[in-house]
Protein chains: 2
Amino acid sequence: MPDRPTDLQRVILDATRNLLARNGYTNLSMRKIAKKIGYSATTIYLHFENKDALFHALIDEGMHRLYESLYSVHTQYSDAPVERLRALCRQYIQFGLDEPEYYEVMFMLHPEHMERYPAAKYRRARRNLDLFAQALEDGVTEGVMAVQNSRVAASSTWAALHGTVTLLIAQRVDARIDHEAFITAAIDQALYGLLPRTHADPAVPKT
Amino acid sequence: MPDRPTDLQRVILDATRNLLARNGYTNLSMRKIAKKIGYSATTIYLHFENKDALFHALIDEGMHRLYESLYSVHTQYSDAPVERLRALCRQYIQFGLDEPEYYEVMFMLHPEHMERYPAAKYRRARRNLDLFAQALEDGVTEGVMAVQNSRVAASSTWAALHGTVTLLIAQRVDARIDHEAFITAAIDQALYGLLPRTHADPAVPKT
DNA sequence: TCACAGTAGTTAACAGTGTTAACTTACGAA
DNA sequence: TTCGTAAGTTAACACTGTTAACTACTGTGA
């Protein structure tokens with residue numbers, strides 16, 4: 001798991017991502033990866049400690065890609081927090097739908113697999129959340145958003161987006177519902193939930 | 001997959017759920033289930049077509065349990081849509097956290113597994129969403145909520161809850177964030193996003 | 001009472017999995 | 001030319017889901 005993968009590591013990662021996209025997670029095996037790249041299965045173990053380490057490398061790459069696409073949104077809307085947040089939400093969902101194979105490895109693998117994901121890498125993953133938190137803080141500063149704790153609000157916003165992406169990827173959304181309408185509704189609901197409610201507010205009791 | 005499981009089916013289902021809760025999905029095998037109940041592995045195939053069918057039966061049970069707990073909330077708050085919706089959200093998340101083994105099988109297994117999930121059973125699963133849609137429609141009728149399409153809004157609300165549960169189960173929420181605060185923030189954000197915004201509204205541009 | 005059918009279970013086997021140990025082969029330096 | 005190292009291999013182990021073939025038991029009809 002070096003910062004810059006070697007040539008064969010690069011080939012292995014690409015083949016894995018390819019098979020993942022084509023045949024899904026359950027149909028992926030070390031032997032199939034090996035066959036695809038024309039090496040024996042054990043060769044992979046010379047370049048990655050085990051299957052988990054291979055996945056972790058993919059997660060790392062995915063987090064980096066996600067960050068780059070979110071960061072470009074971040075800079076593009078640097079002076080408009082609400083629009084920026086909306087664009088960040090859109091981009092996040094789009095990333096999940098454009099690269100489901102990355103998204104699955106990054107966020108949908110079962111907990112048992114993920115537990116071994118090294119803490120150091122979590123830091124890189126957290127940068128993505130920071131972009132959301134930043135937008136929220138800027139929004140609060142400008143008075144166009146109202147949140148108590150930007151980290152918590154960033155996490156709950158992320159949860160809404162994550163739920164949206166996973167339901168779409170897993171095809172659990174009612175077939176009669178238009179995907180675009182669903183996505184727009186999810187983003188709107190999350191955003192409206194963050195706007196300030198200035199006046200005597202409707203009966204939303206605290207429980 | 002009969003409506004009422006036979007005795008041994010019942011024993012198998014309970015053992016499976018138990019092992020699932022204790023050791024997780026990746027450590028579950030037909031042979032381990034068999035060992036736990038004191039039969040040979042092939043015996044399970046006399047009572048369930050295959051591993052997927054066994055999971056489908058668990059999903060079915062889980063959907064039923066979820067419905068029962070949501071329905072009790074539904075009747076309890078029959079005349080207060082906003083409070084009802086808030087309670088439904090709480091109950092949904094609580095179900096996921098109380099019975100993660102059910103929740104994982106129901107909503108977190110990989111798409112490839114789920115595709116074979118028979119369409120007829122989806123109908124039973126959809127009843128859960130209907131309770132959310134009902135609360136939204138009642139809220140709109142009473143003028144305390146504002147949504148364009150109750151099925152879409154129910155789905156996006158579900159997405160937010162689903163994201164919240166899965167991130168918690170998979171332990172992907174930043175360790176420094178209090179779970180209760182996270183859950184409350186997620187529910188509040190979803191609910192506030194459904195309330196009517198009566199006055200000339202802040203700059204939330206349509207994109 | 002005896003033969004038979006059906007039920008509920010078994011063992012043995014197949015093809016596939018992640019992973020390791022032991023072996024080979026090629027190459028560059030002393 | 002020898003030696004060490006790097007990069008690959010094959011064979012094997014202990015698993016996995018699943019099937020085929022077999023056994024034991026139970027109840028029924030003649």
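On a predicted model such as this, the values are computed, not experimentally measured, just so you know. (Residues numbered from 1 in each chain as written. Chains lettered and ligands numbered in written order. Predicted model: local features only at pLDDT ≥ 70, side-chain atom pairs only at ≥ 80, totals over all residues. Heavy atoms only, no water.)

**Quick look at the interface of chain A and chain B**
Okay, so step 1: Listed by partner, the interface residues are 61 residues for chain A and 61 residues for chain B.
Okay, so step 2: When chain A packs against chain B, close to 5400 Å² is buried across both sides, 58% of that on carbon and sulfur atoms.
Okay, so step 3: The three residues of chain A that bury the most area against chain B are His110, Arg172 and Gln189 of chain A, which together make up 15% of that side's buried surface.
Okay, so step 4: Taken together, the connections running from chain A to chain B amount to four salt bridges.
Okay, so step 5: With a closest N to O distance of 3.8 Å, arginine 126 of chain A and aspartate 174 of chain B form a salt bridge.
Okay, so step 6: The tally of links between chain A and chain B comes to twelve residue pairs in polar contact (both at pLDDT 80 or more).
Okay, so step 7: At the level of secondary structure, the elements contributing two or more residues to the side of chain A that touches chain B comprise helix H5 (81-98), helix H6 (100-108), helix H7 (111-114), helix H8 (119-141), helix H9 (150-169) and helix H10 (179-192) of chain A.
Okay, so step 8: Counting residues per element, the side of chain A that touches chain B draws most heavily on H9 of chain A, at 15 residues.
Okay, so step 9: Classifying every residue of the side of chain A that touches chain B gives 32 nonpolar, 16 polar and 13 charged. (Contact = heavy atoms within 4.5 Å. Buried area = accessible area lost by both parts, 1.4 Å probe. Salt bridge = Lys/Arg side-chain N within 4 Å of Asp/Glu carboxyl O. Polar contact = N/O pair within 3.5 Å; in protein donor to acceptor, adjacent residues only side chain to side chain. Helix = DSSP H or I, 4+ residues; strand = E, 2+ residues; numbered from the N terminus. Nonpolar A, V, L, I, M, F, W, Y, C, P; charged D, E, K, R; others polar.)

**Structural notes on the protein's contact with DNA strand C**
Okay, so step 1: Around DNA strand C, 17 residues are found, and the nearest of them are Arg31, Thr42 and Tyr45 of chain A together with Ser40 and Thr43 of chain B.
Okay, so step 2: Per the 4 Å cut-off to the protein, sugar and phosphate atoms form 50% of the nearby atoms of DNA strand C.
Okay, so step 3: A distance of 2.9 Å separates a phosphate oxygen of DNA strand C from a polar atom in the backbone of lysine 51 of chain A.
Okay, so step 4: Elements supplying a minimum of two residues to the surface near DNA strand C: helix H2 (30-37) and helix H3 (41-47) of chain A together with helix H3 (41-47) of chain B.
Okay, so step 5: At four residues, the largest contribution of residues to the surface near DNA strand C is made by H3 of chain B. (Near = heavy atom within 4 Å.)

**Here we look at the packing of aromatic side chains**
Okay, so step 1: Following the criterion strictly, the structure yields 14 aromatic pairs over all chains and no others.
Okay, so step 2: Judged by centre distance (5.8 Å) and plane angle (40°), the ring pair of tyrosine 25 of chain A and phenylalanine 55 of chain A falls under tilted. Residue tyrosine 25 of chain A is found in the loop between helix H1 (7-23) and H2, and its partner phenylalanine 55 of chain A is found in helix H4 (residues 51-76); the two are separated by 30 residues along the sequence.
Okay, so step 3: Residue classification places tyrosine 25 of chain A among the buried positions, given a relative accessible area of 16%.
Okay, so step 4: On the numbers, 5.8 Å between centres and 90° between planes, the contact of tyrosine 92 of chain B with tyrosine 103 of chain B is edge-to-face. Residue tyrosine 92 of chain B is located in helix H5 (residues 81-98), and its partner tyrosine 103 of chain B is located in helix H6 (residues 100-108); the two are separated by eleven residues in the primary sequence.
Okay, so step 5: Accessibility expressed as a relative area gives 3% for tyrosine 92 of chain B, which makes it buried.
Okay, so step 6: Under the relative-accessibility criterion, tyrosine 103 of chain B is labelled buried at 0%.
Okay, so step 7: Taken together, the ring pairs in this structure connect Tyr92, Tyr103, Phe107, Phe132 and Trp158 of chain A into an aromatic cluster. (Phe/Tyr/Trp six-rings, centres within 6.5 Å; stacked < 30°, edge-to-face > 60°. Buried < 20%, exposed > 50% of the residue type's maximum accessible area, 1.4 Å probe, protein only.)

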